[in-house]
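This is what each chain is made of:
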Amino acid sequence: GSRLAGVEMAPPDPILGVSEAFKASKDPNKLNLGVGAYRTEELQPLVLEVVKKAEQKMLAAGYNKEYLPIEGLDAFRQATVQLLLGSDSAAVKEGRVAVLQALSGTGSLRVGAAFIARFMKGTTVYISNPTWGNHRNIFGDEGVEWKYYRYFDPDTVGLDFKGMVEDLTAAPDGSIVLLHGCAHNPTGVDPTPQQWQEIADLCKAKGHMPFFDVAYQGFATGDLDKDAFAPRLFVDNGLEVMVAQSYSKNLGLYGERVGALNVVLSDADAAKSVLSQLKRLARAIWSNPPTHGARIAAEVVGDADMFELWKSEMAGMAGRIAKVRGELQAALESRCPDRDWSFITKQIGMFSFTGMTPQQVDNMTNKHAVFMTRDGRISLAGLSSSKVAYLADAIVDSVR
Ligand code: PLP
């Protein structure tokens, strides 16, 4: 027998396992609302026009396939931190940001977790309840202790701000607080600007270090600057923050693995040392980051015309999702007027957190071939107008 015969099967991933089940289904009506990946009205994956343009330019320029520096492509690093903090950011001008190109949002979070494990030993990371399921794996696998803070109130289908503040106040001083920069996954519920300010004040008073996960910049409001409000506010308030960025959703570069870890510090020397240690960590994980997607992002951000085209395509994606939100809400209201369905258009980003129980989700999947995560989240990025009625019927059948 095998030396590894004792290795047990790992459970399927709660999100990507849904895609596997969807692929295996033979139901002609099947609908994949599991993973947060944008689809066209025809339910096909979308490569943005601006990405194709950038790739044509890159091909014409005849780039080679040499290794990038450990910290990544310079043009990309400059572009990504400006996109995050704004083109006139004092922190950037003063050289107070350590920027490491990393393998998309996940890799950025992971190298951040490795940094915490090595240099902030014993510090607990507080994550929202609920959150994107991979956060627990990422910190847990690096041996970083994590705990939940209250975030979602099922009764109001809104933010449990009081619970959140209580939990972050009760956390030991100097903890790390993981925050979703915008378009919280899975709830679609974000703090208001006033509440963000209160969270920043709380972090400052407690010496907490915020760790922003920015996976949906541009997908909350359709506007890149507006969606960077929270991390910029915290930096403007003088807080030192970590920020993981992803270009999976907003540039549609899912499989290219494009992202960055930014550590904003209060002095440039600290930023230099931190970057050197991030490079040391990355060297032993992936050595150098991938070139192709980083060049695409740098081309797009670095060229005024392409940047405008990107913004309009992003607004188009956000607009299509907003449109199906409205259609789904109306379809549910007409079928089931005794319930309040307004949460569907109140929530923002790619998802709707429906409040369906795991049993109701099983009915959605087993009876209606609607594939979704068992926490009741549906990805509206995977819904088309033509499928709204089918989905509404399935939801009404499942919640009744
Ligand atoms: N963070 C959140 C909240 C996400 O929803 C996702 C993707 O679904 C990610 C990070 C990371 O994705 P990626 O590794 O593709 O950038």
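Residue positions are given per chain, counting from 1 as you read along its sequence in written order. Thresholds applied to this predicted model are a pLDDT of at least 70 for local features of residues and 80 or more for the giving and counting of side-chain atom pairs; totals over whole chains, interfaces and linings are not thresholded and use all residues.

### A short note on the overall build of the chain
- Only DSSP runs of H or I with at least four residues qualify as helices, and only runs of E with at least two residues qualify as strands; both kinds are numbered from the N terminus onward. Assigned secondary structure in the chain consists of 16 helices and 13 strands.
- Judged by the C-alpha coordinates and their principal axes, the chain covers about 60 × 60 × 55 Å.
- Evaluated residue by residue, the chain yields a buried proportion of 47% over its 400 residues.
- Here, residue contact means that the backbone-derived C-beta atoms of the two residues sit within 7 Å. Partitioning the contacts of the chain with sequence separation of at least 6, the portion at a separation of at least 24 is 76%. Buried, partly exposed and exposed are defined by the number of other C-beta atoms within 10 Å of a residue's own C-beta, namely 20 or more, between the two limits, and 12 or fewer respectively, with C-beta atoms placed from the backbone.

### Concerning the sheet that holds strand β4 (residues 146–150)
- At least two DSSP bridges between two strands are needed for those strands to be called paired. Taken in spatial order, the seven strands make up an open sheet running β2-β10-β9-β8-β7-β3-β4, and their pairing is mixed. In the strand order of this sheet, the two ends are held by β2 (97–102) and β4, each with one partner. Mean inter-strand twist for the sheet, computed between neighbouring axes without regard to direction, equals 25 degrees.
- As judged from the five bridges shared by strand β7 (residues 176–180) and strand β8 (residues 209–214), these two strands associate in the parallel manner. Looking at the pairing, Leu-179 lines up with Phe-212 of β8.
- Of the strands in this sheet, β3 (125–129), β4 and β7 are in contact with helix α7 (residues 161–170), which crosses β4 at around 145 degrees. Every axis corresponds to a line fitted to the C-alpha atoms, with the helix fit spanning only the stretch in contact, and the corresponding angles, defined between N-to-C directions, vary from 0 to 180 degrees.

### So, the site of the ligand
- Nearness here has a simple definition: the residue's C-beta atom, placed using the backbone, must lie within 6 Å of the molecule or strand. Looking at the ligand, there are 13 residues lining it, with Ser-104, Gly-105, Thr-106, Ser-246 and Ser-248 nearest.
- In terms of residues, the shell around the ligand owes the most to one element, helix α5 (residues 104–119), which gives three residues.
- Each residue gets one label: Ala, Val, Leu, Ile, Met, Phe, Trp, Tyr, Cys and Pro are nonpolar, Asp, Glu, Lys and Arg are charged, and the others, such as Gly, are polar. Class assignment of the residues belonging to the shell around the ligand gives a composition of three nonpolar, nine polar and one charged.

### Quick word on the pairing of β4
- As paired elements, β3 and β4 share five bridges and run parallel to each other. Pairing of Tyr-126 across the sheet is with Lys-147, part of β4.
- In this region the chain leaves β3, passes through helix α6 (residues 134–141) and returns to the parallel neighbour β4; the handedness of that crossover is right-handed. The definition of a right-handed crossover adopted here requires that, viewed with the strands pointing away, the path from the first strand over the helix to the second runs clockwise.

### Focus on the pairing of strand β9 (residues 241–246)
- The element β9 is extensively covered by neighbouring structure, given that six of its six residues are classed as buried.
- Side-chain alternation along β9 places Val-241, Val-243 and Gln-245 on one buried face and Met-242, Ala-244 and Ser-246 on a second face that is also buried.
- The sheet contact formed by β8 and β9 spans four bridges and is parallel. Bridge pairing in β9 links Phe-212 to Val-243.
- Both β9 and strand β10 (residues 259–264) contribute to a ladder of six bridges, which runs antiparallel. Bridge pairing links Ala-244 to Leu-261 in β10.

### A short note on helix α2 (residues 49–61)
- In this analysis, the expected span of each helix is defined as 1.5 Å times one less than the number of residues it contains. Here α2 contains 13 residues, and its C-alpha end-to-end distance of 18 Å stays within 8% of the 18 Å for a straight helix at 1.5 Å per residue.
- Residues Val-50, Val-51 and Ala-54 constitute the buried set of α2. All buried residues of α2 project into a common sector of 100 degrees when viewed along the axis, lining one side. In α2, the exposed positions angled more than 90 degrees off the buried face are occupied by Lys-52, Gln-56, Leu-59 and Ala-60.
- In this fold, the buried residues of α2 make contact with α12 (292–302) and α13 (304–335). The reported arc concerns the directions from the helix axis to the C-beta atoms and nothing else.

### Let's talk about the environment of Leu-224
- Counting through the fold element by element, Leu-224 comes out in helix α9 (residues 224–227).
- With 20 C-beta atoms packed within 10 Å, Leu-224 lands in the buried category.
- Taking the C-alpha atoms as reference points, Leu-224 and Val-81, separated by 143 residues in sequence, lie 13 Å from one another.
- If sequence neighbours within four positions are ignored, Leu-224 has contacts with Leu-83, Gln-217, Gly-218 and Lys-311.

### Things to note about the nonpolar core
- The term nonpolar core refers to a group of buried residues, namely Ala, Val, Leu, Ile, Met, Phe, Trp, Tyr and Cys, whose C-beta atoms join them within 7 Å. Counting residues in each nonpolar core, the largest one holds 120 residues, and the members touching the most others are Ala-98, Leu-100, Leu-278 and Ala-297.
- With nine residues, the single largest contributor to this core is α13.
- The contact partners of Ala-98, leaving out residues within four places of it in the chain, are Val-263, Leu-265, Ala-271, Val-274, Leu-275 and Leu-278.

### Observations concerning the packing of α12 against α13
- As a packed pair, α12 and α13 sit with axes 5 Å apart at the nearest point and diverge in direction by 100 degrees. It follows that α12 is roughly perpendicular to α13 by the angle criterion. Each of Glu-299, Val-300 and Val-301 in α12 lies in contact with α13, whose residues at this interface are Met-306, Phe-307 and Trp-310.
- For the contact of α12 with α13, the residue count by class is five nonpolar, no polar and one charged. Note on terminology: angles under 35 degrees are roughly parallel, angles over 145 are roughly antiparallel, angles of 65 to 115 are roughly perpendicular, and the others are oblique.

### Digging into the confidence of the model for the chain
- Considering every residue of the chain, the mean pLDDT works out to 96; 100% of them sit at 70 or more.
- Interface scoring of the predicted complex returns ipTM 0.99; its pTM is 0.96. For every residue, the predictor assigns a confidence score, pLDDT, that lies between 0 and 100.

### So, the packing of α7 against helix α8 (residues 193–206)
- Put simply, α7 and α8 touch, their axes get as near as 10 Å, and they point 10 degrees apart. On the basis of the axis angle, α7 is roughly parallel to α8. Across the interface between the two elements, Phe-161, Val-165, Leu-168 and Thr-169 from α7 touch Gln-195, Leu-202 and Lys-206 from α8.
- Looking at the contact of α7 with α8 residue by residue, the classes come out as four nonpolar, two polar and one charged.

### Points about unusual backbone geometry
- Residue Asn-129 is joined to Pro-130 through a cis peptide bond whose omega torsion reads 5 degrees.
- With respect to the helices and strands, the residue Pro-130 is situated in the loop between β3 and α6.
- Of note, the amide linkage connecting Asn-185 to Pro-186 takes the cis form, showing an omega dihedral of 15 degrees.
- Secondary-structure assignment places Pro-186 in the loop between β7 and α8.
- Here Leu-43, not a glycine, exhibits a phi torsion of approximately 65 degrees, which is positive.
- Assignment of secondary structure puts Leu-43 in the loop between β1 (31–32) and α2.

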